[in-house]
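Now for the letters of each chain:
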Amino acid sequence: MQTPNPLLPDGARRAAAWCGVVLLVTGVAAVAVWLCIIFKTAVTPVLLALLGTALLGPVHRRLTSRGMNRSLAAGLTCALLVAVVGGAGYIVVTALVDTGDQILRSLKDAAQWVVDHFGISKQTNVNDLVANAQKLVQKFGASAAGGLLSGISLIGSLIATSVLALLLTFFFLRDSDKAASLAHAIAPRGTGDLVEAMGRRAFEAVQGFMRGTTFIALIDAVCITVGLLILRVPGAVGLGALVFVGAYIPYLGAFLSGAVAILVALADRGLVIALWALGVVLAVQVLEGHVLQPMIQSRTVQMHPATIMIAITAGASVAGLLGMLLAVPACAAAFGILGELRGERPDGPAGVQPSGPSGV
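The following refers to the structure shown.

Quick notes on the rules
- Residues numbered from 1 in each chain as written.
- Predicted model: local features only at pLDDT ≥ 70, side-chain atom pairs only at ≥ 80, totals over all residues.
- Heavy atoms only, no water.
- Helix = DSSP H or I, 4+ residues; strand = E, 2+ residues; numbered from the N terminus.
- Buried < 20%, exposed > 50% of the residue type's maximum accessible area, 1.4 Å probe, protein only.
- Contact = heavy atoms within 4.5 Å.
- Areas by Shrake-Rupley, 256 points an atom, 1.4 Å probe, with all protein chains shown as cover.
- Axes fitted to C-alpha atoms, helices over the stretch in contact; angles between N-to-C directions.
- Left-handed = near helix turned anticlockwise from the far one by under 90°.
- Nonpolar A, V, L, I, M, F, W, Y, C, P; charged D, E, K, R; others polar.
- Phe/Tyr/Trp six-rings, centres within 6.5 Å; stacked < 30°, edge-to-face > 60°.

**Some words on the overall build of the protein**
Reasoning step 1: The secondary structure content of the protein amounts to 10 helices and 0 strands.
Reasoning step 2: The helix and strand sequence of the protein, counted from the amino end, reads α-α-α-α-α-α-α-α-α-α.
Reasoning step 3: Out of the 360 residues in the protein, the part that is buried amounts to 33%.
Reasoning step 4: The contacts of the protein with a sequence gap of at least 6 include a subset with a gap of at least 24, amounting to 74%.
Reasoning step 5: Approximately 21300 Å² of the protein is accessible, and the part contributed by carbon and sulfur atoms is 71%.

**Focus: helix H8 (residues 236–246)**
Reasoning step 1: With 8 of 11 residues buried, H8 lies mostly within the body of the structure.
Reasoning step 2: Of all the positions in H8, only Ala 236, Gly 238, Leu 239, Gly 240, Ala 241, Val 243, Phe 244 and Gly 246 are classed as buried.

**Describing the packing of helix H7 (residues 192–230) against helix H10 (residues 305–341)**
Reasoning step 1: Remark: H7 packs on H10, axes separated minimally by 8 Å, with the N-to-C direction vectors making an angle of 145°. Relative to H10, H7 is oriented so that their crossing is right-handed. Seen from H7, the contacting residues are Leu 194, Ala 197, Met 198, Arg 201, Ala 202, Ala 205, Val 206 and Phe 209; seen from H10, they are Val 328, Pro 329, Ala 332, Ala 333, Gly 336, Ile 337, Gly 339, Glu 340 and Leu 341.
Reasoning step 2: Residue classes in the contact of H7 with H10 are distributed as 13 nonpolar, 2 polar and 2 charged.

**Re the packing of aromatic side chains**
Reasoning step 1: Scanning the entire structure with this criterion turns up 1 aromatic pair.
Reasoning step 2: Consider the rings of Phe 170 and Phe 171, whose centres lie 5.3 Å apart with planes at 70°: the pair is edge-to-face.

Written out as structure tokens, the structure reads:
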């Protein structure tokens, strides 16, 4: 019996099959993002707790390895988290508050210098730009806060989210030894080992990203602050704090915080000092890109800068600043899972090098 010829050629059928897979994956991802947005009140503390667990998991493991009770070790680790985050937040906020007016005034002077020296339209008035910017901020601030009561509600929501994230971090640390059995319990029959392996790879990627980024952010902030202090740039401590915070948004955060530092130097210390400040920022970025990241972040999934920028843009469109902060670790976890599905070992091109027993 003669086999009938297929309606479509082999290439077209393969393309249709791949289109179906892409549509299915895109649909599942879209539904997942939509659910995260709908349940953001519950999802946000969980994601923040996972980041905190990834950052402080080694501390908890070291305490338990010395015979300390898991609950006590988790409590001490969370207390350390509160102390570190609270202290860092206090330093950053204090530095920005103390030097914020000076930085803004310097930025205004820098904008006026640019207008005067580059022949921009004479009708351009920096004061008008500042006034329009203030009106824009007030407009969006009013729409976001909705008045004093909504502002108080927003603060209350932030406090509640922080407390819930801290409590979840405690439970994640205390019960991290049960994560493997949970993966086997919820996984379909016969896929428990794969689910556990994917979870470990994803968590190791997030763990490496958090530890590496925090260390790099601290080094960047210290180096740039020291350089600005030597150059006697006003608000050097506040600018260094801005660099530290911005480092958690790869590439974009470093670019914006460095640009602010250079503009402040230009406004208050002149073109020569601004060029020296530019040299300091570029030297720190070269140190980060060619020394710190290869050495410190060797345990994270290696992603192309274009992938990181796309992830940051997508995160900003979904959840604003919080989305920008969470986009890269989420993307790193996804790359770790894909690497496990492809059967790549930790020393593969997109692999995650082993970092000891996984905390979760």
